[in-house]
Amino acid sequence: MNDDVRNIVLGVVAAGVSAALGWVTRTYLWRRKLRRKQAFFGLPQNSESLLVVNRDAGSPDLAVHRYDVFALLELAALIKECGANAEVVTQDAARQGFGERTEFCVGGPGSNRRMAAHMQAMLPGVRVNTDAEPGPDRLAFQIGGEHYRMDSGVTEYVLLARLTAGRRRDARPVFLFCGQRAITNQAAARYLARNHERLARKHGTGSFVLLLKVINSQVYGPDVVELVEDVTRAAQTPRPATTVATST
């Protein structure tokens, strides 16, 4: 074998080794990224999850608002990327505790009684005005001592939460998407899809509650979202009990 042939052979071998190492490295990084994503969402390969949808508060029928359907589609894509499976149930048909399966619960407490139960159990510092009568405080959030009113189509708020109950290491999380309007639920689902890696780096697999602001949804839809603040402590701290004065 002359020098030219030997150099060609060595070049081919080096290229093959380099390609193999590159493939192994990319595969390792992809799998590590997938494992982190699965851990954050509590969705190991072939696991089961629950998508709990509310009813359209503006419809007399048992209908689902189209923006809530869009939110479910955003979440279903995340679940599929993790290699997991999803079951879609309505808020009045979900009859199980939490921690057994990862749950994604969509809609405010006025239209989703499972959301209301979750908030009562795990977010005692949050109050949502569900009065049907129109007024400036309709659908307003009270978190601790702060109030957040909705300006429909201009400024709207939504809570995005990842919560775990109890001290079980294998307990699956509950994700809450509690918005003042259906479009804000979709905005929160999209925010989670776009930012889950950053959220995982910051919060790991622990609980968090974020207050998001959806800006000018009548023009921009669910795309323009700002993080107002992390309200985890205030949301999980019970509000002081109110006392009623009695006369003697």
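A quick note: this is a predicted structure, and the numbers were derived from the prediction, not measured.

S.K.: Even after reading the chapter, I still don't get the side chain of N54, so can you show me in this structure?
M.R.: Relative to the elements of secondary structure, N54 occurs in the loop between β1 (48-53) and α2 (66-81). Residue classification places N54 among the buried residues on the basis of a relative accessible area of 5%. For N54, the side chain forms a polar contact with the side chain of S111, separated by 2.8 Å. The contacts of N54, once residues within four sequence positions are left out, are A63, V64, D68, Q91, V106, G107, G108, S111 and N112.

S.K.: It is not clear to me how the pattern of salt bridges should be interpreted in this structure. Could you clarify?
M.R.: Two side chains carrying opposite charge are able to pair once their charged atoms lie near each other. Applying the stated rule across the entire model yields nine salt bridges. E156 is the salt-bridge partner of R181, the closest N and O atoms lying 2.5 Å from each other. Of this pair, R181 sits in the loop between β8 (174-179) and α4 (182-203) while E156 sits in strand β7 (residues 155-163), and the two are 25 residues apart along the sequence. In this structure, R194 engages D223 in a salt bridge whose closest nitrogen and oxygen atoms are separated by 3.5 Å. Here D223 lies in the loop between α5 (217-220) and β10 (225-230) and R194 lies in helix α4, a separation of 29 residues in the sequence. On the basis of relative accessibility, which here comes to 38%, the residue D223 falls in the partly exposed class. Beyond isolated ion pairs, a larger network of salt bridges with shared partners links E74, R190, R194 and D223.

S.K.: Explain the sheet that holds β1 here, please?
M.R.: Two pairing modes exist for strands in a sheet, parallel and antiparallel, and in both the strands are linked by backbone hydrogen bonds. An order of β2-β1-β3-β8-β7-β9-β10 is seen for the seven strands of this open sheet, with the pairing classed as mixed. The two strands at the open ends of the sheet, each matched to only one other strand, are β2 (85-90) and β10. Across this sheet, the average inter-strand angle for adjacent strands is 20°, counted without regard to direction. Where β7 and strand β9 (residues 208-215) come together, eight bridges link them in antiparallel fashion. Note that in β9 the partner of Y157 across the bridge is K213.

Definitions and limits used
Starting afresh in each chain, residues are numbered from 1 along the sequence in its written order. Where totals are concerned, whole chains, interfaces and linings use all residues; where local detail is concerned, this predicted model gives features only for residues with pLDDT of at least 70, and gives and counts side-chain atom pairs only at 80 or more. To get the side-chain values, take all heavy atoms of the structure and skip hydrogens and water. Under the scheme used here, helices are H or I runs from DSSP no shorter than 4 residues and strands are E runs no shorter than 2 residues, and both carry numbers assigned from the N terminus. Throughout this description, buried means an accessible area under 20% of the type-specific maximum (1.4 Å probe, protein chains only), exposed means over 50%, and partly exposed covers the range between. For the purposes of these results, a polar contact is taken to be a pair of N or O atoms within 3.5 Å, where, inside protein, one atom must be able to donate a hydrogen and its partner to accept one; residues adjacent in sequence count only when each atom of the pair is a side-chain atom. Contact between two residues is taken to exist if any of their heavy atoms lie within 4.5 Å; hydrogens are not considered. Just to be clear on terms, a salt bridge is a Lys or Arg side-chain nitrogen sitting within 4 Å of an Asp or Glu carboxyl oxygen. What makes two strands pair is DSSP finding at least two bridges between them. To get an axis, a line is fitted to the C-alpha atoms, and for a helix only the part in contact is used. The angle between two axes follows their N-to-C directions and goes from 0 to 180 degrees.

Scope: geometric values only; no functional claims are made or implied.
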